[in-house]
Amino acid sequence: MPSSRQRIYMQEVATRDGFQNEAQFIETEDKIRVIDALSACGFAKIEVTSFTSPKAIPALRDAEEVMHRITRNPGVEYTVLVPNVRGAERALSCGIDEANLVMSVSETHNRSNLRMTREQSFAQLTQVVSAISGSHVAVNISLSTSFGCPMEGDIDEDEVMRWLDRFAGLGVARATLCDTTGMAYPSQVRAMAARARRLHPEMVFTLHFHNTRSMAQANTLAAISAGIDRFDASLGGIGGCPYAPGASGNACTEDMVHMLELEGYDTGIDLPGLLEVSALLPGLIGHDVPSQLLKAGTRSRLHPAPAYAADIGR
Ligand code: COA
Ligand code: ZN
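Residues numbered from 1 in each chain as written. Chains lettered and ligands numbered in written order. Predicted model: local features only at pLDDT ≥ 70, side-chain atom pairs only at ≥ 80, totals over all residues. Heavy atoms only, no water.

K.L.:
Could you give an account of the coordination of the zinc ion (ligand 2), naming the residues involved and the relevant values?
P.N.:
Bound to the zinc ion (ligand 2) are the protein donor atoms D17 (OD), H208 (NE2), H210 (NE2) and N250 (OD1), situated 2.1 to 2.2 Å from the metal. Around the zinc ion (ligand 2) sit four donor atoms, and with donor-metal-donor angles ranging over 80 to 155 degrees the site reads as irregular. Of note, the zinc ion (ligand 2) draws all its donor residues from one chain, in the sequence arrangement D-x190-H-x1-H-x39-N. With D17 in helix α1 (residues 14-18) and N250 in the loop between β8 (230-233) and α10 (253-262), this residue pair connects regions lying 233 residues apart in the sequence. By relative accessible area, which is 3% here, N250 ends up buried. (Donors = N, O, S within 2.8 Å, 3.2 Å for Na, K, Ca; no water. Tetrahedral: all angles 85-135°; square planar, octahedral: opposite > 155°, others 65-115°. Helix = DSSP H or I, 4+ residues; strand = E, 2+ residues; numbered from the N terminus. Buried < 20%, exposed > 50% of the residue type's maximum accessible area, 1.4 Å probe, protein only.)

So this is what it looks like as structure tokens:
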């Protein structure tokens, strides 16, 4: 029987946004094992890796091998981060479904993270879009620091809309509003998401939150109330941005799925299966992960009452 619950599309980013920040190199075999396990969990999309310079991001220097060796589930879109034309060519040779392009709405953050002005980034990404056009590969633009910059502070909503307009003008039909350093708050998210959808009803929007200040879950519900139905999240809550002071913790996939399912949404995710994959992470990355659910279990996990409880009142 078809579900009458509202569908929320979950997009996993741990193997790109998470692994790129790990000091310890995750073996190619292990990356493939994690991605293949995630492919069976019900995600709409998985951001597999990134085709950046291996000098800039050595953690993902095995991008081609990973893309070629994963077992692709036809129900899942496989996306990769592409910074420039060289990256686009490498990614296209691996049969990707989508290229994810990134720039910051904040001039200062763009210079710090990508070492270019925003205009230089836009010019480069324009070339990437044209290198990809003509293939069947979709293009998504991720706008970093859409909800605030750790160096500039508040970002004007008009600026975010202006960059959306410019990418829409290139024919880009998918966009992600990223809260790169966890500065977003619910009423801001609601307003930004509603305006973006109103101005670009043809665009498919994703929201990408970080839990730096424990607001990712609240921001998710606020975004849904403004009509958003796609979210990035990271297994175990790993990842962050190496170029953003104080940034930590992507929104945690299992924590988000647990909340959304309780709230009556259909995420399509097999939560017990997902928790099994998440439990592999500490062993692979060599440290604990921020996931709350991995520590506490789901709310249906019951604990034995202490023996004395039965005797009280006798
Ligand atoms: N794939 C492989 N190699 C690449 C590459 C790509 N996509 N882009 C550049 N390179 C190589 C060049 O061949 C060159 O190699 P060489 O030194 O052996 O000649 C070197 O990287 C520098 O090339 P250049 O064109 O000067 O690029 P850059 O140094 O300005 O780097 C980026 C540009 C964007 C590719 C690089 O800064 C980068 O990948 N940054 C990571 C950004 C990121 O992913 N941040 C986190 C996500 S928010
Ligand atoms: Zn992130």
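K.L.:
Could you give me a rundown of the packing of helix α7 (residues 157-169) against helix α8 (residues 186-199), with the residues and numbers involved?
P.N.:
In contact at an axis separation of 11 Å, α7 and α8 are set at 35 degrees when each is read in the N-to-C sense. For the element pair α7 and α8, the recorded crossing hand is right-handed. In contact with E157, D158, V160, M161 and L164 of α7, α8 contributes A191, M192, R195, A196 and L199. For the contact of α7 with α8, the residue count by class is seven nonpolar, no polar and three charged. (Axes fitted to C-alpha atoms, helices over the stretch in contact; angles between N-to-C directions. Left-handed = near helix turned anticlockwise from the far one by under 90°. Contact = heavy atoms within 4.5 Å. Nonpolar A, V, L, I, M, F, W, Y, C, P; charged D, E, K, R; others polar.)

K.L.:
Break down the site of ligand 1 for me, citing the residues and quoting the values.
P.N.:
Not every one of the 16 residues close to ligand 1 is listed here, only the nearest: F51, T52, K55, N84 and R90. A distance of 2.9 Å is found between a nitrogen atom of ligand 1 and a backbone nitrogen or oxygen belonging to F51. Separating a nitrogen atom of ligand 1 from a backbone N or O atom of G87 is a distance of 3.3 Å. Considered on its own, ligand 1 offers 930 Å² of accessible surface; in the complex 62% of this is hidden by protein. Here ligand 1 occupies the largest pocket. Within the residue set of the shell around ligand 1, elements represented by two or more residues are α4 (85-92) and α5 (107-114). (Near = heavy atom within 4 Å. Polar contact = N/O pair within 3.5 Å; in protein donor to acceptor, adjacent residues only side chain to side chain. Areas by Shrake-Rupley, 256 points an atom, 1.4 Å probe, with all protein chains shown as cover. 1 Å grid on protein atoms, 1.4 Å probe; cavity = no way out; pocket = protein on both sides within 12 Å on 5 of 7 lines; lining within 4 Å. Sits in = over half its atoms within 2 Å of the grid points.)

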